[in-house]
Amino acid sequence: MVLKVAGRSEISPFIVMDIMRMANRLSMKGSDIIHLEVGQPSTKAPRAVLETAKTALDQNLLGYTDALGFADLRKRLTAYYQDYYNCAISSDRIIITTGSSGAFLLSFLSVFEAGDKVGLVVPTYPAYKNILKAIGVEILEIHVSHETGFQPNREILESLDTKLDGLIIASPSNPTGSMIKKIIFEEILDWCAQKKVRVISDEIYHGITYNEKAETALSYNDDAIIINSFSKYFCMTGWRLGWMVVPDNLIRTIERLAQNLFISPPTISQLSAVSAFECLEELDSNVLRYADNRNILQEELPKIGLKRFAPSDGAFYLYVDVSDYTNDSFSLCQDLLTDAGLAITPGTDFDSRNGNYFIRLSFASSTFNISSAIKRLDQFLSKKKSSH
Ligand SMILES: Cc1ncc(COP(=O)(O)O)c(C=O)c1O
């Protein structure tokens, strides 16, 4: 007899992880693959972080920490909020998590009941939807497009005919890199406060912006939950470390959840991350490289027939319209991988309605890789055109 598998686990795969697995298999067999699929900085953690990690290992300091995180790191983040955003917050409100992924689970469990309705801006980072589904929360997809710069605004929210319990926003967003303008950001957060809609603001791409600095929801809405991570700006993906800033009345609730779900976030990562704040110059120089890569792509892609993409104001993604070439972005990405050695994510990961007409390129790689990728893409698309 086959024993049952819980229905709540029937969620979509995270397609980018599937593409990465296929790409890694091909690399292991000797294929020369350029990775533009995964949102991962090609530069590794800063040197000072590694030095601190070595000391922690030598001194064998790796027991559990408090469930809410290592006190020195929480204090260091308080200073960062003061310096970077001019926001004064108590370190009690900062909760260290196992990546921002751990923070999603903790925040969703703490404020949404099964059956609640949460608005998601589509195209969206897929894990929001998939985690919410697994815990029985209903999703309202709020589709955005070029018309509003791939971000929502107050009018869009006012026109919804469903009462929302929560709204997830991300500026810069993944997959588009688009940002919400300051005035619109303020209006959205005001509207949510008036309508008692809980805002979860994913601020993981803060620090990686090309025109204006990103705004934190903390400045405009006292009930918002802020989620951030050491994965992107700080280049520490595999260290699995993130954080949240939560309203006072949620601290104990989340502490109880964190104690039971995770005990504590990875200790070596917490101890080492304190040193990341000494390395902001090194980290900012990575952002300059992303800016160069972005400029190259924005200049070269139109020359090879890819003329339409979302405004990439931040993060390290270009969400490119490929509707002139396909209505099946997953097959296109499979062909790009096997025929051109390019690992790229299909838009279907982020949008089940229109994603077949888009692909997402990550430009967090080296400038050399980006230039080589454009050449391969050009050859691939020229062949595709001539075969039609
Ligand atoms: C928008 C967004 N949020 C969260 C994450 C998860 O990051 P982590 O769990 O590594 O902090 C990612 C990763 O790509 C992301 O793009």
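Note that the coordinates shown come from a computational prediction; the quantities given were computed from them, not determined experimentally.

Procedures and definitions
- Residues numbered from 1 in each chain as written.
- Predicted model: local features only at pLDDT ≥ 70, side-chain atom pairs only at ≥ 80, totals over all residues.
- Heavy atoms only, no water.
- Phe/Tyr/Trp six-rings, centres within 6.5 Å; stacked < 30°, edge-to-face > 60°.
- Buried < 20%, exposed > 50% of the residue type's maximum accessible area, 1.4 Å probe, protein only.
- Lys NZ or Arg CZ within 6 Å of the ring centre and 35° of its normal.
- Salt bridge = Lys/Arg side-chain N within 4 Å of Asp/Glu carboxyl O.
- Helix = DSSP H or I, 4+ residues; strand = E, 2+ residues; numbered from the N terminus.
- Pairing = 2+ DSSP bridges.
- Right-handed = clockwise from strand over helix to strand, strands pointing away.
- Axes fitted to C-alpha atoms, helices over the stretch in contact; angles between N-to-C directions.
- Contact = heavy atoms within 4.5 Å.
- Disulfide = S-S within 2.5 Å.
- Parallel < 35°, antiparallel > 145°, perpendicular 65-115°, else oblique.
- Left-handed = near helix turned anticlockwise from the far one by under 90°.
- Patch = residues over 30% accessible without salt bridge, like charges linked within 9 Å, V, L, I, M, F, W, Y side chains within 5 Å.
- Areas by Shrake-Rupley, 256 points an atom, 1.4 Å probe, with all protein chains shown as cover.
- Domains from an automatic or database assignment.
- Buried area = accessible area lost by both parts, 1.4 Å probe.
- Polar contact = N/O pair within 3.5 Å; in protein donor to acceptor, adjacent residues only side chain to side chain.
- Nonpolar A, V, L, I, M, F, W, Y, C, P; charged D, E, K, R; others polar.

J.: I'm lost on the packing of aromatic side chains in this one. Help?
T.: In this description, an aromatic ring pair is defined by two values, namely the gap between the centres and the angle between the planes. On inspection of all chains with the given rule, the structure shows 27 aromatic pairs. Centroid distance Phe-108 to Phe-112: 6.2 Å. Interplanar angle 40°. Geometry classified as tilted. Across the pair, exposure class does not vary: Phe-108 and Phe-112 are buried alike. Each member of the aromatic cluster is reached from another via a ring pair, and the members are Tyr-80, Tyr-81, Tyr-84, Tyr-85, Phe-230, Tyr-233, Phe-234, Trp-243 and Phe-277. For Lys-213, the ring lying beneath its charged end belongs to Tyr-84, and the centroid distance is 4.1 Å.

J.: I'm lost on the pattern of salt bridges in this one. Help?
T.: Summed over the entire model, instances satisfying the criterion amount to 10 salt bridges. We note a salt bridge from Glu-51 to Arg-47, for which the minimum N-O separation is 3.6 Å. Placement of both Glu-51 and Arg-47 in helix H2 (residues 47–58) is noted, with a separation of four residues, approximately one turn of the helix. For Glu-51, a relative accessible area of 37% puts it in the partly exposed group.

J.: Can you walk me through the pairing of strand S6 (residues 198–202) in this structure?
T.: Regular strands have side chains that alternate between both faces of the sheet. Summarising burial for S6: five of the five residues are buried, a large majority. Of the two faces of S6, both are covered, the one formed by Arg-198, Ile-200 and Asp-202 as well as the one formed by Val-199 and Ser-201. Two elements, strand S5 (residues 166–170) and S6, share five bridges in a ladder whose sense is parallel. Across the sheet, the residue bridging to Gly-166 is Arg-198, located in S6. Running through helix H7 (residues 182–194), the crossover from S5 to the neighbouring parallel element S6 is right-handed.

J.: I'm lost on the sheet that holds strand S7 (residues 225–229) in this one. Help?
T.: Strand-to-strand pairing in sheets goes through backbone hydrogen bonds, with the strands running parallel or antiparallel. With mixed pairing, seven strands are arranged side by side in an open sheet as S2-S8-S7-S6-S5-S3-S4. Either end of the sheet is taken by a strand with one partner, and the two such strands are strand S2 (94–97) and strand S4 (138–143). Ignoring strand direction, the axes of neighbouring strands in this sheet form an average angle of 20°. Running over the sheet, H7 touches S5 and S6 and is turned about 165° from S5.

J.: Honestly, the state of the cysteines in this entry has me stumped. Any pointers?
T.: A covalent bond between the sulfur atoms of two cysteines is referred to as a disulfide. Applying the stated criterion across every chain, the model contains zero disulfides. Note on Cys-87: no disulfide assigned, nearest cysteine sulfur contributed by Cys-192 at a separation of 18 Å. Relative accessible area serves as the criterion here: at 10%, Cys-87 is assigned to the buried category. Note on Cys-235: no disulfide assigned, nearest cysteine sulfur contributed by Cys-279 at a separation of 10 Å.

J.: Sorry if this is basic, but what is going on with the packing of helix H10 (residues 280–303) against helix H12 (residues 367–386) here?
T.: Axis angle and axis distance: for two packed helices, these are the angle between their axes and the distance between the axes, and together they describe the pair. For the pair H10 and H12, interaxial distance at closest approach is 9 Å and the crossing angle is 15°. In terms of orientation, H10 lies roughly parallel with respect to H12. For the pair H10 and H12, the crossing hand works out as right-handed. Across from Arg-289, Asn-293, Ile-296, Leu-297, Glu-300 and Leu-301 in H10, the residues of H12 making contact are Thr-367, Ile-370, Ser-371, Ile-374 and Leu-377.

J.: Please explain a nonpolar patch on the surface as it appears in this structure.
T.: A cluster of nonpolar side chains, namely Leu-57, Leu-61 and Leu-62, defines an oily patch on the protein surface of about 260 Å² accessible area. Note that Leu-61 resides in the loop between H2 and helix H3 (71–85). According to the relative accessible area criterion, Leu-61 is partly exposed, its value standing at 44%.

J.: I tried to follow the domain arrangement of the protein on my own but got confused; where do I start?
T.: One widely used convention gives an interface's size as the accessible area the parts lose upon coming together. In terms of domains, the protein is made up of domain 1 (10–45 + 280–383) and domain 2 (47–278). Look at where the C-alpha atoms of domain 1 and domain 2 centre, and you get two points 25 Å apart. Taken together, the contact pairs 38 residues of domain 1 with 42 residues of domain 2. Roughly 3,200 Å² of surface becomes buried between domain 1 and domain 2 when both sides are summed, with 60% attributable to carbon and sulfur atoms. Considering only the surface of domain 1 that becomes buried against domain 2, Ala-45, Leu-280 and Asp-313 emerge as the three largest contributors, covering 20% of it. Counting the contacts that link domain 1 with domain 2 gives zero salt bridges. Where domain 1 packs against domain 2, one counts 16 residue pairs in polar contact (both at pLDDT 80 or more). With nine residues, the top contributor of residues to the side of domain 1 that touches domain 2 is H10. Across the side of domain 1 that touches domain 2, the residue classes tally to 20 nonpolar, nine polar and nine charged.

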